[in-house]
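Coordinate inspection notes
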Number of protein chains: 6
Amino acid sequence: MVEFSFLQPDRPAAFKDKFVTKVNECLTSYSDGARGEVGVLGLPLSKTSISLSQSSEAPNSIRACLSAFTTFSGKKDTDYKNIKVLDFGDVQVHPTDMEESIERIRISVREMLTRNACNRYILLGGDHGISYPSIRAFGEHYGKIGVIQWDAHHDVRNLEDGGRTNGTPFRSLMEGGHLKGDNLIQIGIRDFANAKVYHEYTKEKGVTIYTIDDIECTGIEPIIKKELDRLSNFVDIIYLSVDMDVVDQAFAPGCPAIGPGGITSRELLSSISAAASHQKVKAMDLVEIDPSKDFRDMTSRLAAAAMLRFMYTV
Amino acid sequence: MVEFSFLQPDRPAAFKDKFVTKVNECLTSYSDGARGEVGVLGLPLSKTSISLSQSSEAPNSIRACLSAFTTFSGKKDTDYKNIKVLDFGDVQVHPTDMEESIERIRISVREMLTRNACNRYILLGGDHGISYPSIRAFGEHYGKIGVIQWDAHHDVRNLEDGGRTNGTPFRSLMEGGHLKGDNLIQIGIRDFANAKVYHEYTKEKGVTIYTIDDIECTGIEPIIKKELDRLSNFVDIIYLSVDMDVVDQAFAPGCPAIGPGGITSRELLSSISAAASHQKVKAMDLVEIDPSKDFRDMTSRLAAAAMLRFMYTV
Amino acid sequence: MVEFSFLQPDRPAAFKDKFVTKVNECLTSYSDGARGEVGVLGLPLSKTSISLSQSSEAPNSIRACLSAFTTFSGKKDTDYKNIKVLDFGDVQVHPTDMEESIERIRISVREMLTRNACNRYILLGGDHGISYPSIRAFGEHYGKIGVIQWDAHHDVRNLEDGGRTNGTPFRSLMEGGHLKGDNLIQIGIRDFANAKVYHEYTKEKGVTIYTIDDIECTGIEPIIKKELDRLSNFVDIIYLSVDMDVVDQAFAPGCPAIGPGGITSRELLSSISAAASHQKVKAMDLVEIDPSKDFRDMTSRLAAAAMLRFMYTV
Amino acid sequence: MVEFSFLQPDRPAAFKDKFVTKVNECLTSYSDGARGEVGVLGLPLSKTSISLSQSSEAPNSIRACLSAFTTFSGKKDTDYKNIKVLDFGDVQVHPTDMEESIERIRISVREMLTRNACNRYILLGGDHGISYPSIRAFGEHYGKIGVIQWDAHHDVRNLEDGGRTNGTPFRSLMEGGHLKGDNLIQIGIRDFANAKVYHEYTKEKGVTIYTIDDIECTGIEPIIKKELDRLSNFVDIIYLSVDMDVVDQAFAPGCPAIGPGGITSRELLSSISAAASHQKVKAMDLVEIDPSKDFRDMTSRLAAAAMLRFMYTV
Amino acid sequence: MVEFSFLQPDRPAAFKDKFVTKVNECLTSYSDGARGEVGVLGLPLSKTSISLSQSSEAPNSIRACLSAFTTFSGKKDTDYKNIKVLDFGDVQVHPTDMEESIERIRISVREMLTRNACNRYILLGGDHGISYPSIRAFGEHYGKIGVIQWDAHHDVRNLEDGGRTNGTPFRSLMEGGHLKGDNLIQIGIRDFANAKVYHEYTKEKGVTIYTIDDIECTGIEPIIKKELDRLSNFVDIIYLSVDMDVVDQAFAPGCPAIGPGGITSRELLSSISAAASHQKVKAMDLVEIDPSKDFRDMTSRLAAAAMLRFMYTV
Amino acid sequence: MVEFSFLQPDRPAAFKDKFVTKVNECLTSYSDGARGEVGVLGLPLSKTSISLSQSSEAPNSIRACLSAFTTFSGKKDTDYKNIKVLDFGDVQVHPTDMEESIERIRISVREMLTRNACNRYILLGGDHGISYPSIRAFGEHYGKIGVIQWDAHHDVRNLEDGGRTNGTPFRSLMEGGHLKGDNLIQIGIRDFANAKVYHEYTKEKGVTIYTIDDIECTGIEPIIKKELDRLSNFVDIIYLSVDMDVVDQAFAPGCPAIGPGGITSRELLSSISAAASHQKVKAMDLVEIDPSKDFRDMTSRLAAAAMLRFMYTV
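Residues take numbers from 1 onward in each chain, read along the sequence in its written order. As they are written, the chains are lettered A onward and the ligands numbered 1 onward, keeping that order. Residue-level local features of this predicted model are given only where pLDDT is at least 70; pairs of side-chain atoms are given and counted only at 80 or more, and the full residue set underlies all totals for whole chains, interfaces and linings. Only hydrogens and water are removed before side-chain values are computed, so all heavy atoms of the structure are retained for them.

- By the naming in an unreviewed UniProt entry, chain A is Formimidoylglutamase, taken from Mesobacillus subterraneus.
- What UniProt states about chain A under its Sequence similarities (unreviewed entry) heading is, verbatim, "Belongs to the arginase family." UniProt positions are given in the numbering used here, feature names are shortened, and annotations may be inferred rather than shown by experiment.

1. What about the overall build of chain A?
- Counting its secondary structure elements, chain A contains nine helices and 11 strands.
- Atoms counted for the radius of gyration: C-alpha only. Globule rule: 2.2 Å times residue count to the power 0.38. Its C-alpha atoms give chain A a radius of gyration of 19 Å, within 12% of the compact-globule value 20 Å for 314 residues.
- Each principal axis of the C-alpha atoms in chain A carries an extent, and together these give about 70 × 45 × 35 Å.
- For the exposure calls, accessible area comes from a 1.4 Å probe over protein chains only, and a residue counts as buried if that area is under 20% of its type's maximum, exposed if over 50%, partly exposed in between. With 314 residues in all, chain A has 68% of them scored as buried.
- Here, residues are in contact when the closest pair of their heavy atoms is within 4.5 Å. Within chain A, residue pairs in contact and separated by at least 24 positions form 78% of the contacts whose partners lie at least 6 positions apart.
- Element-wise, carbon and sulfur atoms account for 47% of the exposed surface of chain A, whose accessible area totals about 10,000 Å².
- As used throughout, the charge tally considers Lys and Arg to be positive and Asp and Glu to be negative, leaving His and the chain termini uncounted. For this purpose, a charge sits on NZ of Lys, CZ of Arg, CG of Asp or CD of Glu. Seen as two clouds, the 36 positive and the 43 negative side-chain charges of chain A have centres 5 Å apart. Runs of E in the DSSP output that reach at least two residues are strands. Runs of H or I that reach at least four are helices, and both are numbered from the N terminus. Computed with a 1.4 Å probe, the accessible areas rest on the Shrake-Rupley method; for each residue, only the protein chains presented here act as cover.

2. So, the relation of the copies chain A and chain F
- Laying chain A over chain F is done by rotating through 120° and shifting 0.0 Å along the axis; what remains is an RMSD of 0.0 Å. The relationship between the two copies is best expressed as a three-fold rotation axis. By C-alpha distance to the rotation axis, the residue of chain A lying nearest is Ala250 of chain A, at 3.4 Å.
- Mapped onto chain F, only 10% of the interface residues of chain A again fall at the interface, so the copies present different surfaces. We superpose the copies by least squares over the C-alpha atoms of residues that have a pLDDT of at least 70 in both of them.

3. With respect to the interface of chain A and chain F
- Listed by partner, the interface residues are 30 residues for chain A and 35 residues for chain F.
- For the pairing of chain A and chain F, the buried interface totals around 2,800 Å² over both sides, and the portion due to carbon and sulfur atoms is 58%.
- Buried area adds together the accessible area that both of two parts lose upon being put together, with accessible area traced by a 1.4 Å probe. Considering only the side of chain A, the residues that lose the most area to chain F are Phe72, Arg266 and Arg296 of chain A, jointly responsible for 25% of the buried surface there.
- A pairing counts as a salt bridge when a side-chain nitrogen of Lys or Arg comes within 4 Å of a carboxyl oxygen of Asp or Glu. Remark: the boundary between chain A and chain F carries six salt bridges.
- Of the charged contacts, one joins Arg157 of chain F and Asp17 of chain A as a salt bridge, the two residues approaching to 2.8 Å between their closest N and O atoms.
- Any N or O atom pair separated by 3.5 Å or less is treated as a polar contact, with the protein-specific requirement of one donor-capable and one acceptor-capable atom, and with residues adjacent in sequence counted only for side-chain atom pairs. On the surface where chain A and chain F come into contact, there are 18 residue pairs in polar contact (both at pLDDT 80 or more).
- Among the elements of the structure, β3 (72–73), α8 (265–276) and α9 (298–311) of chain A are those that each provide at least two residues to the side of chain A that touches chain F.
- Among the elements that take part in the side of chain A that touches chain F, α9 of chain A stands out by supplying six residues, more than any other.
- Amino acid classes used here: Ala, Val, Leu, Ile, Met, Phe, Trp, Tyr, Cys and Pro are nonpolar; Asp, Glu, Lys and Arg are charged; the rest, including Gly, are polar. Classifying every residue of the side of chain A that touches chain F by side-chain character gives 15 nonpolar, five polar and 10 charged.

4. A short note on helix α3 (residues 131–142) of chain D
- Given the number of residues in a helix, its expected span is that number minus one, multiplied by 1.5 Å. Look at α3 of chain D: 16 Å from first C-alpha to last across 12 residues, which is about the 16 Å you get at 1.5 Å a residue.
- Positioned one or two residues after α3 of chain D, Gly143 of chain D has a phi angle of 110°, which is positive.

5. Examining the environment of Ile237 of chain E
All names here are of chain E.
- Examined against the element boundaries, Ile237 turns out to sit in strand β10 (residues 237–243).
- According to the relative accessible area criterion, Ile237 is buried, its value standing at 3%.
- Taking C-alpha positions, Ile237 is 6.7 Å from Lys144, a pair spaced 93 residues apart along the chain.
- Those residues in contact with Ile237, other than ones at most four positions away along the chain, are Phe138, Tyr142, Lys144, Ile145, Gly146, Lys280 and Lys282.

6. Some details on the sheet that holds strand β1 (residues 27–29) of chain D
Residues and elements named next belong to chain D.
- Each pair of strands is called paired provided DSSP finds at least two bridges between the two strands. The parallel open sheet is built from nine strands, whose spatial order is β1-β5-β2-β6-β11-β10-β7-β8-β9. The two strands at the open ends of the sheet, each matched to only one other strand, are β1 and β9 (208–211). Going across the sheet, the axis of each strand differs from the next one's by a mean of 20°, ignoring polarity.
- In this sheet, strand β11 (residues 281–287) lies alongside strand β10 (residues 237–243) in parallel orientation, the contact comprising six bridges. Among the inter-strand pairings, Val242 is bridged to a residue of β11, identified as Leu286. To obtain each axis, a line is fitted to C-alpha atoms, and for helices this fit is confined to the stretch in contact; angles are then taken between N-to-C directions over 0 to 180 degrees.

7. Remarks on the arrangement of the chains
- In this view chain A stays clear of chain D, with the nearest C-alpha atoms of the two still 19 Å from each other.
- Chain C shows no contact with chain F. Their nearest C-alpha atoms sit 19 Å apart.

8. Digging into helix α1 (residues 58–65) of chain F
Residues and elements named next belong to chain F.
- Burial analysis of α1 places six of its eight residues in the buried class, the great majority of the element.
- Among the residues making up α1, those that are buried are Ala58, Pro59, Ser61, Ile62, Arg63 and Cys65.
- Looking at the buried positions of α1, the neighbouring elements they touch are β2 (38–43), β5 (85–90), β6 (120–125) and α9 (298–311).

9. Notes on the interface of chain B and chain F
- Between chain B and chain F, the residue contacts involve 35 residues of the former and 30 residues of the latter.
- Both sides together, the interface formed by chain B and chain F hides about 2,800 Å², and carbon and sulfur atoms give 58% of it.
- Counting the surface chain B buries against chain F, the share from its top three residues, Asp161, Phe192 and Lys196 of chain B, is 26%.
- Inspection of the chain B/chain F interface yields six salt bridges.
- Along the contact surface separating chain B from chain F lie 18 residue pairs in polar contact (both at pLDDT 80 or more).
- Breaking the side of chain B that touches chain F down by element, the ones donating at least two residues are α5 (196–204) and α6 (212–218) of chain B.

10. Some details on the pairing of strand β8 (residues 184–189) of chain D
Residue and element names in this part refer to chain D.
- With six of six residues buried, β8 lies mostly within the body of the structure.
- Two strands pair when backbone bridges link them, and strand β7 (residues 145–150) and β8 are joined in this way by four bridges, in the parallel orientation. Looking at the pairing, Trp150 lines up with Ile187 of β8.
- In the sheet, β8 pairs with β9 via four bridges, with the strands oriented parallel.

11. Focus: the sheet that holds β6 of chain F
Residue and element names in this part refer to chain F.
- Across the sheet, nine strands lie side by side as β1-β5-β2-β6-β11-β10-β7-β8-β9; this open sheet has parallel pairing. Of all strands in the sheet, those with a lone pairing partner are β1 (27–29) and β9 (208–211), marking the two edges. The sheet shows a mean angle of 20° between the axes of neighbouring strands, direction not considered.
- Across the face of the sheet, helix α2 (residues 98–114) comes into contact with β2, β5 and β6 while running at roughly 165° to β2.

12. Here we look at the side chain of His154 of chain E
- Within the secondary structure layout, His154 of chain E lies in the loop between β7 (145–150) and α4 (169–175).
- In terms of polar contacts, His154 of chain E uses its side chain to reach the side chain of Gln186 of chain E, at 2.7 Å.

13. Looking at the UniProt feature "binding site: Mn(2+)" (unreviewed entry) in chain A
Residue and element names in this part refer to chain A.
- As annotated by UniProt and renumbered to match this structure, "binding site: Mn(2+)" (unreviewed entry) occupies His128, Asp151, His153, Asp155, Asp243 and Asp245. Considering the C-alpha atoms alone, the annotated residues occupy 118 residues of sequence yet fold into one spot, their largest mutual distance being 12.1 Å.
- Relative to the assigned elements, Asp151 resides in the loop between β7 (145–150) and α4 (169–175).
- In contact with Asp151, not counting residues within four places along its chain, are His128, Ile187, Gly188, Ile189, Asp243, Asp245 and Val246.

14. Side note on the layout of surface pockets
- Residues are said to line a cavity or pocket when one of their atoms sits within 4 Å of a point; the points come from a 1 Å grid over protein atoms alone, cavities being sets where a 1.4 Å probe fits but cannot get out and pockets being open sets with protein on both sides within 12 Å along at least five of seven lines. Grid points are joined across faces, edges and corners, and a volume is the space filled by probe spheres set on the points. By volume, the second largest pocket is sized at about 730 Å³.
- Taken together, 27 residues form the lining of the second largest pocket, with Thr264 of chain A, Phe251 and Thr264 of chain B together with Phe251 and Thr264 of chain F sitting closest to its centre.
- Of all the elements in the fold, those that place two or more residues in the lining of the second largest pocket are α8 of chain A, α8 (265–276) of chain B together with α8 (265–276) of chain F.
- Looking at the lining of the second largest pocket, its residues break down into three nonpolar, 12 polar and 12 charged.

15. Quick look at the packing of helix α7 (residues 220–231) of chain E against helix α8 (residues 265–276) of chain E
Residue and element names in this part refer to chain E.
- At a minimum axis separation of 9 Å, α7 and α8 run at an interaxial angle of 25°. Taken together, the axes of α7 and α8 are roughly parallel relative to one another. α7 and α8 meet at a crossing whose hand is right-handed. Between α7, through Ile220, Glu221, Ile224, Lys225 and Leu228, and α8, the contact on the second element is made entirely by Glu267, Ser270, Ser271, Ala274 and Ala275. Here roughly perpendicular refers to angles of 65 to 115 degrees, roughly parallel to angles under 35, roughly antiparallel to angles over 145, and oblique to all remaining angles. It is the rotation of the near helix from the far one that decides the hand of a crossing: anticlockwise by less than a right angle makes it left-handed, clockwise makes it right-handed.

Next up, the structure:
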């Protein structure tokens, strides 16, 4: 093909500095037989949210924010531009059948895992409801699963009052036998954000709970490290489930259920770094970001920064 | 009445989880003879603000934010759903006569107090001008009064340059003999936010002043506790007056006079918790929130969270 | 009860001009045995929308806009303050089960109609999906039904590709035998807003179609009057179904599917006035307003103005 | 002074095309003895508005929009750059005393008129309350006054329910003997925007009323011309009072009381052109623009365009 | 490749109705040897704007809006889904060298034309400065060129005061001998939007000018048809240059230089339809849309609708 | 001149408390021979930004924010109202010639310095590109220069890929021999915000780098003090270059390149205080604030607060 001098018909005309690698340049669409370090899959389901949410837009907004970051860490003096990331695209959800959509997510995650294309995976929600089919699929593929959940809420609502919503994933997982309460750690639980009944339910199930006050006393990194050590004795893999509303509203203004008194973005990033370097940690989901409510994609930027801490560990 | 299957004509059709109690469900409109733990009264006056402000909308926006919080504290393992809160509604202010509006507020607060319906009260401004008639009414009813004021500003402007505005409440109170300077504590006063003349005025009056630097050195909780102990020897009741602009603009973006370098939302909440548990603390006002300037009601959410710390103390 | 001087605990403290009646003052919540001229019911369902929509918020935003209008028409020199409007509230939809929600709407509309409390009804959507259960319920109650539909789109999509969505109501109605194509008039259909297959489907079904060009040539009022005359020979009642996206985006910026080249707000209002005065017109729905996307509630204001043209006809 | 090459310390560094004169360049601050064709005075009072309004910001936003217009009319093939406009600045209103503010406006308008510096005047509100002291001052200076009022509302509310507000100017004027009802023409009065009592009051007073329907039937320019001819027989000068909410919300989205069904911006501009060319027309006020609610200053731009039609008539 | 059940890694997961063709589905990236009816090229240059503008974002926002339209016209009863549109992508402009960017545009347009891949072309600006290199390139390729320019402004500023900006394209073209003034028609020129000097310049050059008043008197379609007939006698091809600020600010709120008193969106669309059907019309540019200032992409939607009128003519 | 009672034609009608001095009242436009403590110059250039930026608006927005601060520091018990600040206005940049604009800035800064009117200077950007000509001019005037740069980025991009942009100032300075790498300190450099090649370039040049982690370990004030001591041995003057994106996005939401994990506003202010009190510190620039992207001018407010820390040191 005779080339054009100043354009390429099939790609955007963005400014390019020849010495800079942006993280988005390291993502390639998965194709048969491809291999990469990290797989990314979008789960754009949010009609399951109790309050109307556009967190289904987050997979796109988070991916777009990757272009705001380079692959180089000065701290580790390492350029991660050779870490290949495979993008599996987004699951096509059903417009009106929620249970069908949940099942499509489970099947799609499994189909991705059976390709054995990557060592680790990032799942981009959607609302927190996606963690039910996603974690279930990981369990089906890998065996016994442990979960560290960053969250202001327990997310163990009853299923009678509205079906499987973004308030129910961990009840669904525990009731369905896909996750033992003993293997679930909840980090960042907040006062006046949960009901007594659900608090007691999690305790009965053996869930380990760390509140904001615990984080303030002990520090979030020591907590993470201690729990990873403990958990790794009992499970085959560990899955990080990050509900962004664990972060204070000043730092993550785009979550549907924002509130004051959460952790800072620095606490989020350092704790994910701490967790991601553990051998058994195989997956992370990032949920509950509604780009239509955000300010300048701040919350998606924070999620993209969290992805980097997960992807670039060595 | 033959019931409808899926609607109730006189109430909103919000999703309801049968195990969750939201704080707004604990508010009932006051009616004759009712008794409750806490009384809430809206004081929607903001035409007295020097700069045009819609803080008159804050009583509604703060109340609306109560539905974002449950009644359960994990930290104290207590469900406060039985703490009854009586809502006295909002004072009807006059569209064009400011002095009349101020007097209506004083009379309405007194009328509320004379019902003896509650043990403690929350006043929702409005601008800081409402603290003059409100504190005066509390003094008239309870006797000698002490005030802890969270604020970036002294609020003791002269009255000649514009009458009673949101910049004058504590001068009005001290000049009128309703509050002794010795019994006023100002927390969070900021550099380059006040005039020398007014700084000297407060010092001459015997007001105790803590700046942001004092808070950084000593911690806000120890300051509060020390001053409560001291103050309680000299007064009959203590009134908390919370100008939300004491909080940094990142955490309270909806105040008319936002600025950098204030306290964090966590410092606000912990200091109110510390104060609210004192026996002599009978009232709190929350002022200077303009919902029309806020982002996602963040500042009203913070104010609602502050209400909870005040209401749920045991 | 000893009255307060300047407040009423159970009602908002809005300014009141003693000589002015606002339309919202004429609405009362339905209670058993009540009778009124017009009944209003909210149908806050929009998870059935193909694109994520918050049109479920519209019943509240439209009602709120009624307070911007008085009951007096200078043109007719009539004060309609005695026209009583009964508000039946909003149907409680299910968070995750769409078919259940659709059925709840049908049942609720029927339950409302069986009270025989009003002569005419206004249904506030929600997305256009609500017209299927609503029109079906009217047919079940009243008999043979004719529909005038203001819309840029045919809304006869196939049901396989996503179930019953906001794109399918008139197919559902015609396929289900609830509405004959001959008795459906579509007004304001736009170029490049529909598919050829669906255009042909409506024509095969005998639907009468008026495009924007027809409106420009003939005038919207003459069209409406002619069709009412014709239709009234074949049906028992006539139902107006108003998809606000028939209006140009400059005049109705809050519809999910805005676009240029639609009718003006004046054309909307005059055509509704023309239709509403016909004896057989018993109901109107107003759909596809997403308040979260609107500018200053312009589109809800226009819908409220449309309600007035429907309610105040004599 | 040794000049800087690329800056002038006392003026903004805006791009300048040497062949273009912007309207703002024709305004000079009034100083003693100055003479000009048109005088401009800002009346930034809006705390008198029933609903909280920032129309006090409009004098600045309208002036700023003058820089978006040149002085050249192709239609008349005339460059008006020699039409000198004197800017008298803004009246300093009182922060809390509304009656004082109203009196300050009256005094300031009179003081301006007694300078005899200009032939005609533009008054920039502020809310419609400013028309009372402004028209009164014009009457005191010039004698018998006639008023053409563009408005959706009569603005003759009673004074008991809230004092002198933006709803009362024409009652104040008529009750105070400053304006005869016979000499008041109201253009653009809308259905469902007024109360029956006030409609009857205006008719009893002899006010001439043109509704939107009248404008549609007759055309706004013929109405204006006819009324100017009639009015000019009875009065010494004519004052145009333009409440921007006469314009449809699509064209003037920044008015506090926006609504559908008003006149277009073209109708506004052509009718002001028609009026401004009349010899007895000496003044125009532009009121009820709240820049904080506007979109891209559209409404202020329209007001600035209206100023040009008033200033550039020959 | 073993397919996934519910996802395709290389494409977005949008809802698809099997019977609907969206216009964006008809665009394919140009590759060597491809042929299509219409070619589209993005010219994202706006640093040449006098006032800072993000109209460089418009090529993307307009393309995105194509997905809001189908390929079917009911008026013509034609489905245009077989009209193939080739997308040549966007020209890569230089970050700091404006003359280089202008030259890159000229070269790129020429390179596109020399492929002889399409019969007609759409150029997506950018600001109006792009019309200089674009029209020049068309002239170089096709011979004698005529231009119909929709615009509120003449765009013939002098080049000394700021180089080649968005205010100078037609001066650059005429001074450079690339366009004869006799072959330039300007439609929609507005009062108080131009300077006398430039008005005279265009008249001296023989440019034909139609003002808003002319459009109101004669109608925009008759004007277009008359001028096309006349122009086609003297030129080889005709180029339509559409500055969206010819449209009134209510209908095109996203132009950098919005203002009241322009044409309606309906007038824009019908006049482009009228022009596009002429044999000699080979190209259209759409300029001066700043998506960052728009409301809900209204102006880009209007531009996309204009593209359809240009593309689908038979 | 006979005075008006309530207005002054040549100045805004803002509320004035007779005891309060706002910082803006201390600025006077420079005129020949004037002397002041601090000089302020606006450098409104941002077309040199790689991504489109309106940081050219920041000189105005920052100046406007000065009116939100008083001259009194309670901490130092000092009123700085006698510190005279001379405003040199803004440099007129060229609309389309970037190199010309850069040269105009250099010349203008030099012209300002040669007046010897002030002891210290504040330069208001504009994007970071302005630091190249500004620092160069300071070096030309004062001799050997040291720079402390607050920044998330190194800003040493190559010049081939886009000319002198906001990504290149420190490369331009070092390559041009205007600044030795040994005399450049970079504070706040962030992971995943820079390229490996540029990181190595700065280290080779001898630049001292402090990352966020260094700040967390050591504290920002100690770092600043240590580096000032060291640097002052080698240079004649020290220039502070403050790219606001060093601050976390929660505290400085209006920077073009916002991101999580930066320093807090308190850290910024205290570090500038620490630096400003050093004898050799003669200048500070504040860059990369785009007011059109900010929320409530938060970032400009922070910049204004930084100015105060620089101006009021004793």
